[in-house]
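What follows is the residue order along each chain.
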Amino acid sequence: MTSNGHDQRTAPDDAGIPGLIADIRIEIGERGPISFARFMKLALYHPLHGYYLSPVRRPGRGGDFLTAPEMHPFFGLAIARHIAALWDRLDRPDPFTIREYGSGVGGLAYDIIAGVLDLRPELRPALRYRLNEINPHRSRQALDAMRQAGLGDLVSAERTAGSDVGAGAITGVVVANEVADALPVHRLVWDGAAFHELFVGWEAGQAEDGRFIAVEGPLSPEAAALDLPGYLDRHGLDPASWPAGSRIEVSPAAERWIAEVGAGIARGYALIIDYGYAASDLYRDHRLEGTLRAYRQHEVTDDPFGHVGMQDLTAHVDFSRLMEAAEGAGFTVTGLTTQADFLAQVGLGELLVALQRQPDTVVEEYYRAQAAVFRLIDPAGMGRFRVLGMARNAPATPPPLGFAGPDLPEPLRIP
């Protein structure tokens, strides 16, 4: 393997959490350079030091990035319209379970529950909401908040780490907002004739100084098993036309995760919201420079080796591969659209109009909601996120509400 000089390197004072760095260094020392997927898994999900396992809440206005549910309750209320329509399509089962992956402190959960029960108050005795959150600190905060809001009887917490979610297969809906983009990825580089992989090594400095570096080598067995040339060919892509040095990310972990999602649904639907593209759009133009990004304190960089354990790492989702894996897990795709189009179809604009017409709405409140709506549907920002709908052992046609479906619910009152 040879060092790849194009990657940024991190000075020791920007390195990150010492205990986490030490554990990664030990693994590299014992095994040699590790895949970036392994590095990313440790940086984000290390049981003691991982970014997503921290007792300190990272995402949010005071953290490292802002997600759609934190923008305004309208996001969750709009999704509630979609879910209410799905309950009807399933013939109103009892129990009806909503499982949310990456539920955090429960903000989206609260808005979805409020919206669904406002639309369908008769659903309350059947409703179950499961918080599928790997961080126990966030789960406890969410459960405490739900109890204080009088929803403790509806909400419970579950964990995926080391558990068999399929054993608790639900009838209902899975929601995953900005989850797949944080699953570990392998970094690949095209040399003009073949793909190679960028591993993670350690370059020692003087005394205790050193840094993580990218190290190029043959594909790991996990990356090679993806049969990338065949996959790209199926989607009309020819890497021979790409510039030498082009970089892409692939995620076997995302395929395993979608299989887990499918195993957890006996009958129902899944709604996956994330940034990414179909393969034909993802692997071209400027995105061939790689889509891996690091987020810290509302700043974004392309240096994954700084502030290890203290910054988020994400990569664009390949929705074509995710859909192929989903079909292998028993799903039928019901639609793939943008967040802007999905929110428009489920009535985000109607929520804003209803707020404006309420006599007790203050001007400042309305303008805050209006600004949030514009950000959620901005085609140059969050509006271009993709929304993937899937059905498993449930009606897939006509497309559900949000995917050009006709089953519109009655107007939603603002909770």
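Our subject in this report is the structure included herewith. (Residues numbered from 1 in each chain as written. Predicted model: local features only at pLDDT ≥ 70, side-chain atom pairs only at ≥ 80, totals over all residues. Heavy atoms only, no water.)

Remarks on the nonpolar core
Then comes step 1: Judged by nonpolar contacts, the single largest core of 55 residues is most densely connected at F74, I79, I83 and F96.
Then comes step 2: For I79, the contacting residues outside a window of four places in its chain are L108, I112, L271, I273 and F342.
Then comes step 3: Of all hydrophobic cores here, the second largest spans 27 residues; its members include A43, L44, V185 and F305. (Core = buried A, V, L, I, M, F, W, Y, C linked by side-chain atoms within 4.5 Å. Buried < 20%, exposed > 50% of the residue type's maximum accessible area, 1.4 Å probe, protein only. Contact = heavy atoms within 4.5 Å.)

Points about the sheet that holds strand β5 (residues 155-158)
Then comes step 1: Spatially, β5-β4-β3-β6-β11-β18-β17 is the arrangement adopted by the seven strands of the open sheet, whose pairing is mixed. The open sheet has two edge strands with one neighbour each: β5 and β17 (332-338). Each adjacent strand pair in this sheet contributes to an overall mean axis angle of 20 degrees, direction not counted.
Then comes step 2: The pairing of strand β3 (residues 96-101) with strand β4 (residues 127-132) spans six bridges and is classified as parallel. Looking at the pairing, Y101 lines up with N132 of β4.
Then comes step 3: Those strands touched by helix α4 (residues 74-89) are β3, β6 (170-177) and β11 (265-274), and its axis lies near 155 degrees from that of β11. (Pairing = 2+ DSSP bridges. Helix = DSSP H or I, 4+ residues; strand = E, 2+ residues; numbered from the N terminus. Axes fitted to C-alpha atoms, helices over the stretch in contact; angles between N-to-C directions.)

Remarks on the packing of α4 against helix α5 (residues 107-119)
Relative orientation and spacing of two packed helices are given, respectively, by the angle between their axes and the distance between those axes.
Then comes step 1: Between α4 and α5, whose axes approach to 7 Å, the crossing angle comes to 50 degrees. Accordingly, the angle class assigned to the pair α4 and α5 is oblique. Crossing of α4 against α5: the hand is right-handed. Across the interface between the two elements, F75, G76, L77, I79, A80, R81, I83 and A84 of α4 pack against L108, D111, I112, G115, V116 and L119 of α5.
Then comes step 2: A class-by-class count of the residues in the contact of α4 with α5 yields 10 nonpolar, two polar and two charged. (Parallel < 35°, antiparallel > 145°, perpendicular 65-115°, else oblique. Left-handed = near helix turned anticlockwise from the far one by under 90°. Nonpolar A, V, L, I, M, F, W, Y, C, P; charged D, E, K, R; others polar.)

Re helix α13 (residues 348-357)
Then comes step 1: Of the positions making up α13, those classed as buried are L348, L351, L352 and L355. The arc enclosing the buried residues of α13, seen along the axis, measures out at 100 degrees, which places them on a common side.
Then comes step 2: Tucked inside the fold, the buried residues of α13 contact α4, α12 (339-346) and α14 (363-377). (Arc of directions from axis to C-beta.)

Section: the packing of aromatic side chains
Then comes step 1: The full count for this structure, using the stated rule, is 15 aromatic pairs.
Then comes step 2: Aromatic side chains F39 and F305 sit 5.3 Å apart centroid to centroid with 85 degrees between the ring planes, which places their arrangement in the edge-to-face category. Residue F39 is found in helix α2 (residues 36-45), and its partner F305 is found in the loop between β14 (299-301) and β15 (312-314); the two are separated by 266 residues along the sequence. Each member of the pair, F39 as well as F305, carries the same accessibility label: buried. (Phe/Tyr/Trp six-rings, centres within 6.5 Å; stacked < 30°, edge-to-face > 60°.)

Some points on helix α6 (residues 136-148)
In an α-helix, one turn spans 3.6 residues, which is why side chains three or four residues apart end up on the same side.
Then comes step 1: For α6, with 13 residues, the first-to-last C-alpha span of 18 Å sits near the 18 Å given by 1.5 Å per residue.
Then comes step 2: Listing the buried residues of α6 in full gives R138, S139, A142, L143 and M146. Down the axis of α6, the sector holding all buried residues measures 130 degrees, keeping them to one side.
Then comes step 3: Check the buried side of α6 and you find it contacts α5, β4 and β5.
Then comes step 4: Of the residues that open α6, the one with a side-chain oxygen 2.8 Å from the backbone nitrogen of H137 is N135.
Then comes step 5: Just downstream of α6, G150 is the residue with a positive phi angle, here 80 degrees. (Expected span 1.5 Å × (residues − 1). Polar contact = N/O pair within 3.5 Å; in protein donor to acceptor, adjacent residues only side chain to side chain.)

Looking at the packing of helix α9 (residues 252-263) against helix α11 (residues 319-328)
Then comes step 1: Two elements in contact, α9 and α11, have axes separated by 9 Å at closest approach and are oriented at 40 degrees. Classified by the interaxial angle, the pair formed by α9 and α11 is oblique. Taken as a pair, α9 and α11 cross one another with a handedness that is right-handed. Residues A254, E255 and I258 of α9 pack against R321, L322, A325 and A326 of α11.

As for the pairing of strand β10 (residues 246-250)
Then comes step 1: In terms of residue burial, β10 counts as a mostly covered element, since five of its five residues are buried.
Then comes step 2: Residues of β10 alternate between two faces, with S246, I248 and V250 on one and R247 and E249 on the opposite face, all of them buried.
Then comes step 3: Summarising the sheet, strand β7 (residues 186-190) and β10 pair through five bridges and their orientation is antiparallel. Bridged to R187 within β10 is E249.

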